[in-house]
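Fold and geometry: a report
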Amino acid sequence: MTECLFCKMVSGDIVPDVVFENEKVLAFRDINPQAPVHVLVIPRQHVETIDELDDSKLAGELLLGACSVARELGLSKGYRVAINCKAEGGQEVYHVHLHVLGGRQMTWPPG
Ligand code: 5GP
Ligand code: ZN
């Protein structure tokens with residue numbers, strides 16, 4: 001049995017608040033939202049970090065998944081897509097995920 005939190009969401013062992021899904025990716029609301037809309041887009045396949053993401057088609061599916069989330073949740077005024085990679089990037093869950101943040105003005109640079 002997998003110990004990976006996000007793999008458990010893919011398998012259904014943990015049921016997330018899903019907002020978008022297709023054959024390759026799953027998108028669900030973050031448990032600790034940092035904006036009115038904060039959704040995580042993950043590959044169904046376990047990949048630890050973007051450094052291990054060597055499948056360009058899957059990388060594209062993730063990015064298009066983020067855009068689909070933004071469209072479905074009405075973020076027509078704009079939004080941010082972020083990926084944290086490893087310790088200094090602030091990654092806490094080692095299953096690749098794109099953060100889709102919106103519904104408020106974003107600031108730059110991020111902390
Ligand atoms: P990271 O820091 O790895 O880029 O982001 C991990 C994200 O996963 C965080 O924003 C955190 O709030 C979210 N998260 C952690 N545990 C859970 C959980 O059990 N359910 C959901 N929906 N999100 C989680
Ligand atoms: Zn995983």
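You'll find the structure just up there.
A quick note: this is a predicted structure, and the numbers were derived from the prediction, not measured. (Residues numbered from 1 in each chain as written. Chains lettered and ligands numbered in written order. Predicted model: local features only at pLDDT ≥ 70, side-chain atom pairs only at ≥ 80, totals over all residues. Heavy atoms only, no water.)

**Describing the overall build of the protein**
Defined as follows: Helix and strand definitions here come from DSSP, where helices need a minimum of 4 consecutive H or I residues and strands a minimum of 2 consecutive E residues; each element is numbered from the N-terminal end. Here's how the labels work: a residue is buried when its accessible area is under 20% of the maximum for its type, exposed when over 50%, partly exposed in between, all with a 1.4 Å probe on protein chains only. We call two residues in contact when some of their heavy atoms are within 4.5 Å. All accessible-area figures derive from a Shrake-Rupley calculation using a 1.4 Å probe, and residue coverage is judged against the displayed protein chains alone. Under the counting rule used here, the positive set is Lys and Arg, the negative set is Asp and Glu, and His together with the chain ends is not counted. By convention, charge coordinates are those of NZ in Lys, CZ in Arg, CG in Asp, or CD in Glu.
Counting secondary structure elements, the protein contains three helices and five strands. Based on the C-alpha atoms only, the size of the protein along its principal axes is roughly 40 × 30 × 30 Å. When each of the 111 residues of the protein is scored for burial, the buried share is 37%. The contacts of the protein with a sequence gap of at least 6 include a subset with a gap of at least 24, amounting to 54%. If you sum the accessible surface of the protein, you get close to 6900 Å²; carbon and sulfur atoms cover 52% of it. With 10 positive and 15 negative side-chain charges, the protein shows a separation of 9 Å between the mean positions of the two kinds.

**Here's the deal with the site of ligand 1**
Our working rule: We call a residue near a molecule or strand when any one of its heavy atoms sits within 4 Å of it. Any pair of N or O atoms that falls within 3.5 Å is considered a polar contact. Within protein, one atom must be able to donate a hydrogen and the other to accept it, and sequence-neighbouring residues count only if both atoms are side-chain atoms.
Surveying the vicinity of ligand 1 reveals 16 residues, the closest of which are D30, N84, E92, H97 and H99. Residue G90 places a main-chain N or O atom 2.9 Å away from an oxygen atom belonging to ligand 1. At a separation of 2.9 Å, an oxygen atom of ligand 1 approaches a polar backbone atom of V93. With the chains in place, 82% of the 520 Å² that ligand 1 exposes on its own is no longer accessible. Elements with a contribution of two residues or more to the shell around ligand 1: α1 (5-11) and β2 (25-29).

**Regarding the nonpolar core**
Spelled out, the test is: The criterion is simple. A nonpolar core is a set of buried Ala, Val, Leu, Ile, Met, Phe, Trp, Tyr and Cys residues joined through side-chain atoms within 4.5 Å.
By size, the foremost hydrophobic cluster in this structure holds 17 residues, and its most contacted members are A27, V39, V41, V69 and V100. Counting residues per element, the ones that place at least two in this core are β1 (18-21), β2, β3 (37-43), α2 (56-72) and β5 (98-102). Among the elements that take part in this core, α2 stands out by supplying five residues, more than any other. Residues within four places of V69 in sequence aside, it is in contact with V19, F20, A27, V39, V41 and V100. In terms of nonpolar packing, the next biggest core, distinct from the first, is built from eight residues, F6, L26, F28 and I42 among them.

**Comments concerning a nonpolar patch on the surface**
Let me state the cut-off plainly: Patch definition: residues with relative accessible area over 30% and no salt bridge; like charges joined within 9 Å; nonpolar side chains (Val, Leu, Ile, Met, Phe, Trp, Tyr) joined within 5 Å. What counts as a salt bridge is simple: a side-chain nitrogen of Lys or Arg found within 4 Å of a carboxyl oxygen of Asp or Glu.
Residues L63, Y79 and V81 make up a contiguous nonpolar surface patch of about 240 Å² in total accessible area. By the secondary structure assignment, V81 is in strand β4 (residues 79-82). On the basis of relative accessible area, V81 is assigned to the partly exposed category, the value being 32%.

**Details of the coordination of the zinc ion (ligand 2)**
Filter applied, for reference: Each metal site is built from N, O and S donor atoms within 2.8 Å (3.2 Å for Na, K and Ca), and since water is not included, such sites may look incomplete. A site with four donors is called tetrahedral when every donor-metal-donor angle falls between 85 and 135 degrees; four donors are called square planar, and six octahedral, when opposite donors sit more than 155 degrees apart and all other angles fall between 65 and 115; any other arrangement is irregular.
The protein atoms that coordinate the zinc ion (ligand 2) are C4 (SG), C7 (SG), H46 (ND1) and H95 (ND1), at distances of 2.0 to 2.3 Å. Considering all four donor atoms around the zinc ion (ligand 2), the spread of angles at the metal, 105 to 116 degrees, places the coordination shape in the tetrahedral class. In primary-sequence terms, the residues that donate to the zinc ion (ligand 2) follow C-x2-C-x38-H-x48-H. Placement of the pair is H46 in the loop between β3 and α2 and H95 in the loop between α3 (86-89) and β5, with a sequence separation of 49 residues.

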